[in-house]
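Structure assessment
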Amino acid sequence: MTIPFLDLKAINLEQASELENAFRKVLTSGRYVLGEEVELFEAEFSQYCQAQHTIGVANGLDAIFLILKAYGIGFGDEVIVPSNTYIATWLAASHCGAVPIPVEPDEQTYNIDPLKIEAAITSRTKAIIAVHLYGQAADMDAINEIAHRYGLKVIEDAAQAHGSLYKGRRVGSLGDAAAFSFYPGKNLGGIGDGGAVTTNDSSLADIIRVYRNYGSSVKYQNDVLGYNSRLDELQAALLRVKLRMLDAANAKRVKIAEFYLDQLKDIAGIVLPFVPNWANPVWHLFVIRHCARDILAKKLADVGIGTMVHYPIPPHKQLAYKDLYSVPNSFPIAEAIHNEVLSLPMGPTLTLAQASEVVFAIKASSADFFE
Ligand SMILES: *Cc1c(COP(=O)(O)O)cnc(C)c1O
């Protein structure tokens, strides 16, 4: 590809010497799990997210799972999830024994539609997981208001939204707890897997700290049936380096997004991302919709432009969920979105010159569609 969808190597090489120093520091410290780097990262990430606590864990899926588990959610319970999300959101509910109950998205933002949540609440509902999809916050005030009325927990799946603002506030402290992923391709990504929970709920933070480490707060004393889900020292040290650059990296994504939004407007067949006035997205992905999505993707690939689809198959149509949701077209909005979305090249090392090549190629291929 002349213009890759995401150039992870270039992103990490920009901070190569700082990352190498961090690696060396951990290597020579002799301490590789639950040490100073994790503690420092947790403090720095709490400050960044304007949350009281951060608990580093092994990955984003575990972060969601451990929140649900720590709230005592399990068999017989229901958890409201977006029908339009990455499957991890659903799996976290399933893995603790609860049933994920999908709610359709708003057709403009693609995030869970607060107006459709109430109809999905039953006496078994315990929590709502709101996903800040593609880097743009869900409508948290509306979601919190419903949750408050029904006594439900609100969990943010912020895996795609590190640094994103909702009404001027950072995601990560807008509900009862939030889950982050540091998978390499995320806005804040490690050189491997990682994740974190952020929360202002001190007792939840205490329980998750115990759960992530074999149910133990005192070595070799196990109070609950815990897990092994720790962020390791090396990832924490590398993430501390990358956290310092996060705002600058997000600002570069915003510049590219503004350019795309301006240059691609008024092109027949293309639906651009919609940003409500209360959102400042961090553009984890720049997602357009096109009725001939696969043809457009092929035309772009033919001229060396990498794109991706997030996501091609919604969770309810995955084999993994065939027993739960097998009715065809049961979540038509999510299905329509999955059939039409295309993610354009986006990232902190993408240049405006490259973005204008993408624009040029899209304009050229769109002309073909209507000739
Ligand atoms: C990446 C992602 C996750 C899972 O994170 P992992 O670290 O890969 O486990 C969860 N939810 C969403 C929306 C994601 O994009």
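Only a predicted model underlies this, so the values are computations on that prediction, with no experimental measurement involved.

Looking at the site of the ligand
Surveying the vicinity of the ligand reveals 13 residues, the closest of which are Gly60, Asp157, Gln160, Ser181 and Lys186. One nitrogen or oxygen atom from the side chain of Lys186 is found 2.7 Å from an oxygen atom belonging to the ligand. Burial of the ligand by the protein amounts to 90% of the accessible area it has alone, namely 380 Å². Here the residues of the shell around the ligand sort into six nonpolar, five polar and two charged.

So, the sheet that holds strand 6 (residues 165-166)
With respect to topology, three strands assemble into an open sheet ordered 7-6-13, the strand pairing being antiparallel. Among the strands making up the open sheet, the edge pair consists of strand 7 (169-170) and strand 13 (279-280). Here strand 6 runs beside strand 7; their pairing, made up of two bridges, is antiparallel. Bridging across to strand 7, Leu165 finds its partner in Arg170.

So, the packing of aromatic side chains
Inspection of every chain in the model, using the stated rule, returns 15 aromatic pairs. The interplanar angle of 85 degrees and the centroid separation of 5.5 Å between the aromatic rings of Phe45 and Phe182 together place this pair among those described as edge-to-face. With Phe45 in helix 3 (residues 36-49) and Phe182 in the loop between strand 8 (177-181) and strand 9 (195-199), this residue pair connects regions lying 137 residues apart in the sequence. A single burial state applies to Phe45 and to Phe182, both of which are buried. When the centroid spacing of 5.2 Å and the interplanar angle of 90 degrees are considered together, the rings of Phe65 and Tyr227 count as edge-to-face. Taken together, the residues Phe65 in helix 4 (residues 60-70) and Tyr227 in the loop between strand 11 (221-222) and helix 8 (233-244) connect sequence positions 162 residues apart. Taking relative accessible area as the criterion, Phe65 reaches 10% and is therefore assigned buried. A network of ring pairs unites the aromatic residues Phe41, Phe45, Tyr48, Phe180 and Phe182 as a single cluster.

Rules used throughout
Residues numbered from 1 in each chain as written. Predicted model: local features only at pLDDT ≥ 70, side-chain atom pairs only at ≥ 80, totals over all residues. Heavy atoms only, no water. Near = heavy atom within 4 Å. Polar contact = N/O pair within 3.5 Å; in protein donor to acceptor, adjacent residues only side chain to side chain. Areas by Shrake-Rupley, 256 points an atom, 1.4 Å probe, with all protein chains shown as cover. Nonpolar A, V, L, I, M, F, W, Y, C, P; charged D, E, K, R; others polar. Pairing = 2+ DSSP bridges. Helix = DSSP H or I, 4+ residues; strand = E, 2+ residues; numbered from the N terminus. Phe/Tyr/Trp six-rings, centres within 6.5 Å; stacked < 30°, edge-to-face > 60°. Buried < 20%, exposed > 50% of the residue type's maximum accessible area, 1.4 Å probe, protein only.

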